[in-house]
Amino acid sequence: MAEENFFERVYAVARQIPYGKVTSYGAIAKALGAARSARMVGWAMNASHNMDDIPAHRVVNQKGLLTGKFHFDGTNLMQQLLESEGIKVVDNQIVDFEKHFWQPEVQG
């Protein structure tokens, strides 16, 4: 199924996000050559709940909002995970988003 393959490609990029950095759904989609597929990247992140090797907490929306936080156990888990990596979050928004942003490389 093509969707499963896309999800695996999303996970391959997500695994590369460095500790203390974040990226966006759209940046991952662009890196995969599917710039209009940010929502599908979100679905892939939602589907990765039981995968300990996927740092889904490091994927946010293009403005640095924790839009995926409702998919984590406990209301503040996503924020707590980010803050444990030195990323400050205020009102579900990453402070100094540009400083923490990681741009994935385009996959060949």
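Heads up: the structure comes first, above all this text.
On a predicted model such as this, the values are computed, not experimentally measured, just so you know.

Peer 1: Talk me through the layout of surface pockets; I want residue IDs and the actual numbers.
Peer 2: Of the pockets and cavities examined, the largest pocket occupies roughly 380 Å³. Taken together, 19 residues line the largest pocket, and the ones lying closest to its centre are Tyr25, Gly26, Ala38, Asn61 and Gln62. Looking at the lining of the largest pocket element by element, the count peaks at five residues for helix α3 (residues 38-46). In terms of residue class, the lining of the largest pocket is built from six nonpolar, 10 polar and three charged. Lining the second largest pocket we find 19 residues, and of these Ser48, His49, Ala56, His71 and Phe72 sit closest to its centre.

Peer 1: Got a sec to walk through the environment of Ser48? Specific residues and values, please.
Peer 2: Along the polypeptide, Ser48 turns up in the loop between α3 and β2 (59-60). Of the polar contacts made by the side chain of Ser48, one reaches the backbone oxygen of Met45; its length is 2.7 Å.

Peer 1: Tell me what's going on with α3, and back it up with residues and numbers.
Peer 2: When we look at burial in α3, the residues that qualify are Val41, Gly42, Ala44 and Met45. Viewed along the axis of α3, the buried residues span an arc of 160°, placing them on a single side of the element.

Conventions we followed
- Residues numbered from 1 in each chain as written.
- Predicted model: local features only at pLDDT ≥ 70, side-chain atom pairs only at ≥ 80, totals over all residues.
- Heavy atoms only, no water.
- 1 Å grid on protein atoms, 1.4 Å probe; cavity = no way out; pocket = protein on both sides within 12 Å on 5 of 7 lines; lining within 4 Å.
- Points joined across faces, edges and corners; volume = space filled by probe spheres on them.
- Helix = DSSP H or I, 4+ residues; strand = E, 2+ residues; numbered from the N terminus.
- Nonpolar A, V, L, I, M, F, W, Y, C, P; charged D, E, K, R; others polar.
- Polar contact = N/O pair within 3.5 Å; in protein donor to acceptor, adjacent residues only side chain to side chain.
- Buried < 20%, exposed > 50% of the residue type's maximum accessible area, 1.4 Å probe, protein only.
- Arc of directions from axis to C-beta.

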